[in-house]
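The primary structure of each chain is shown beneath.
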Amino acid sequence: MLYLIASCIALLFGPLFYRFFSSGSGLQKGLDGFIFVSLGGLVLIHILPELLEHGGFITLLFVMLGVWGPTASEKLFHRYSEITHNITLTLGIGGLLLHTITDGGAMVLAQQEGNSTLLALGVIMHRLPVGVAIWWLLKPQVGTRWASAVLAAMMVLTSVGYFAGEHLLTQLSLENTVYLQAFVTGSILHVVLHQPHGHQQEDKQGQYQYQAGIGSLLGLGLLALLLLMDTGGHEHAHKDHGSEQFVSWLLTISPILLGSYFIATARFAAGLRPSHPSLGLRWLQRLAGPEALLITLLLLGPWFALYQILGLLAIGALMTLTKVDITDPHPTLSESPWRFGFNQLVDRSAPWIILSLVLANLIGHPSVPLENPALQVFILLLVFLPMRFCNLGTVILALALAYSGWSQIAVAFTLLAAPVLSIGQLKLMNWKQGLMLGGILLVGLMVADQLTLSSSLTLQLPEAANILGLVAIVLLFGASLLRLGPRKFLSRLMINLKSAPHSHDHGHHSDTKVAHHHESAAPHKHHH
């Protein structure tokens, strides 16, 4: 009973937080950052792998439908975008309500013999961001009365789940509602990404990014706490997948990644810069760095590194000889090598590295049956086209897929195709150049099919070095998040989706219309 009361009190923190934070723009940006990271992270690292375990690969399609469906329908029915948004919001809230019943049931399970109380603690803790999020989403839209009604309904449903426990849980079990939950999870992600209320002063100078950064670091802290509880709490069948595996990957990669940033600093000092007059050398930097090759060599082995060097040389030569411009070039912000390697490059690569790890954690999931190499390559193609992976993000994705047991062909394809195969880049090429690029990639696939590239000659560092490396990378990425704020930090990922700015504007001006859409380093200007 104590757990039930505690979880209801956790929800009531929502209105309190909101009252306190909505008084000032800076605090409001901090709250936005907190919700953006904690709720988004909870969905990506905790809820989605669980849905995948029960529903397999189709769940990802429903999630995508939930995320992009509202955006698409708003574009189609522009006059009714308000209605579409409200439907999405209703779905998202409905999904959270459905989820609360299972929360109540989870607390019953936690009280049974042999189950860890950490599970109940985890439920109570994750109600904090949920309560804040509901108030934050609903109050500006529908007023205090409805927002209170939803919170009250959540408390009632938690109690229903708690008292009706097992009978209800079998009806509402993940197996029975997995696709609905996947769609709703997508809706929640959509609402978190497209900040729904326009009730705030414009933040044109980005003066509140620092507060947003602090909020997101707090969100990350809460997320880490929840994941630690989760791994300690219930023993999942997919122990090797999810948060524990995520941490072990981070530990392995971090020290080598740190070395890559040092190499980038050194090559910038030696004159190999993004602003170099030679197109060939600019392509070398775009495709390989050369700092990205260090990760391939040390963690995937010498044969993969040799394959990557030869493949990228062929692609670079094609691009240079046929004079293809580079999409989204690096702006040179500073003449300092250290500033380039540990500030500018971190800002550009950190979101890609995080995305690569989360992606591999999801699509590499054991319950996603992608044994067929051709299917794996097709899925990767769908991932690469809308994005524009940086070279470090590319090798991290290849590495994480290799660790997930994906085929050698898929790993090799990632190494060659990810940095160059994007809609933004293909727009700058004519059909002949596109065909020649396709030819090179096809030859690369055939070579990867014939030869054995994996090797046991990979670097194993002592645990202490891994932990030190991880601490350094967390500090670097945290500093980047503080500098940019979470939306601008992640806007690098959306650089190719140059669509009309997506806004849920209700007669007010919202700074996030641009914030979600790459206000950073975009060569095109958006006109509102």
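Residues numbered from 1 in each chain as written. Predicted model: local features only at pLDDT ≥ 70, side-chain atom pairs only at ≥ 80, totals over all residues. Heavy atoms only, no water.

1. Considering a nonpolar patch on the surface
- A cluster of nonpolar side chains, contributed by Met 1, Ile 5, Ile 9, Phe 13, Leu 16 and Phe 163, occupies part of the molecular surface with about 610 Å² of accessible area.
- Counting residues per element, the nonpolar patch draws most heavily on helix 1 (residues 2-21), which supplies four residues.
- Locating Leu 16 in the fold gives a position in helix 1. (Patch = residues over 30% accessible without salt bridge, like charges linked within 9 Å, V, L, I, M, F, W, Y side chains within 5 Å. Areas by Shrake-Rupley, 256 points an atom, 1.4 Å probe, with all protein chains shown as cover. Salt bridge = Lys/Arg side-chain N within 4 Å of Asp/Glu carboxyl O. Helix = DSSP H or I, 4+ residues; strand = E, 2+ residues; numbered from the N terminus.)

2. Focus: the packing of helix 10 (residues 291-300) against helix 14 (residues 391-403)
- Direction vectors running N to C along helix 10 and helix 14 enclose 15°, while the axes themselves pass 8 Å from each other. Of the possible angle classes, the one that applies to helix 10 and helix 14 is roughly parallel. Seen from above, helix 10 lies across helix 14 with right-handed handedness. Across from Glu 291, Ala 292, Ile 295, Thr 296, Leu 299 and Leu 300 in helix 10, the residues of helix 14 making contact are Asn 391, Leu 392, Val 395, Ile 396, Ala 398, Leu 399, Ala 402 and Tyr 403.
- Its residues assigned to classes, the contact of helix 10 with helix 14 comprises eleven nonpolar, two polar and one charged. (Axes fitted to C-alpha atoms, helices over the stretch in contact; angles between N-to-C directions. Parallel < 35°, antiparallel > 145°, perpendicular 65-115°, else oblique. Left-handed = near helix turned anticlockwise from the far one by under 90°. Contact = heavy atoms within 4.5 Å. Nonpolar A, V, L, I, M, F, W, Y, C, P; charged D, E, K, R; others polar.)

3. Structural notes on helix 18 (residues 463-484)
- Helix length check: helix 18, at 22 residues, gives a terminal C-alpha distance of 31 Å against a target of 32 Å (1.5 Å per residue), a fit within 8%.
- Taken residue by residue, helix 18 has Asn 466, Gly 469, Leu 470, Ile 473, Leu 476, Phe 477, Gly 478, Ser 480, Leu 481 and Leu 484 as its buried positions.
- Downstream of helix 18 by one or two residues, Gly 485 has phi in the positive range, about 80°. (Expected span 1.5 Å × (residues − 1). Buried < 20%, exposed > 50% of the residue type's maximum accessible area, 1.4 Å probe, protein only.)

4. Describing the pattern of salt bridges
- Evaluated as defined, the whole model comprises three salt bridges.
- Between Glu 335 and Arg 273 there is a salt bridge, with its nearest N and O atoms 2.7 Å apart. On the criterion of sequence distance, the pair formed by Glu 335 in the loop between helix 11 (302-321) and helix 12 (337-363) and Arg 273 in the loop between helix 8 (243-269) and helix 9 (279-287) is long-range, its members being 62 residues apart.
- Judged by relative accessible area, Glu 335 falls into the exposed class, the value being 57%.
- Put simply, Asp 347 and Arg 483 hold a salt bridge, and the shortest N to O gap is 2.7 Å.

5. So, the side chain of Gln 285
- Position of Gln 285 among the secondary structure elements: in helix 9.
- Side chain to side chain, Gln 285 and Arg 267 meet in a polar contact 2.6 Å long. (Polar contact = N/O pair within 3.5 Å; in protein donor to acceptor, adjacent residues only side chain to side chain.)

6. Side note on the side chain of Arg 267
- Mapped onto the secondary structure, Arg 267 falls in helix 8.
- A relative accessible area of 9% places Arg 267 in the buried class.
- If near-sequence neighbours (up to four positions away) are discounted, Arg 267 is found in contact with Leu 272, Pro 274, Gln 285, Gly 289, Pro 290, Glu 291 and Phe 340.

7. Here we look at the packing of helix 9 against helix 11
- Following both chains from N to C, one finds helix 9 and helix 11 inclined at 140°, their axes separated by 9 Å at the closest point. On the basis of the axis angle, helix 9 is oblique to helix 11. Helix 11 is crossed by helix 9, and the crossing has right-handed handedness. Residue-level inspection shows Leu 279, Gly 280, Trp 283 and Leu 287 of helix 9 in contact with helix 11, the latter providing Leu 312, Ile 315, Gly 316, Met 319 and Thr 320.
- Across the contact of helix 9 with helix 11, the residue classes break down as six nonpolar, three polar and no charged.

8. Notes on the environment of Ala 398
- Looking at the secondary structure, you find Ala 398 in helix 14.
- Residue classification places Ala 398 among the buried residues on the basis of a relative accessible area of 0%.
- Taking the C-alpha atoms as reference points, Ala 398 and Gln 408, ten residues apart in sequence, are found 9.6 Å from one another.
- Apart from the residues lying within four places of it in its own chain, the contact partners of Ala 398 are Leu 300, Val 411, Thr 414 and Leu 415.

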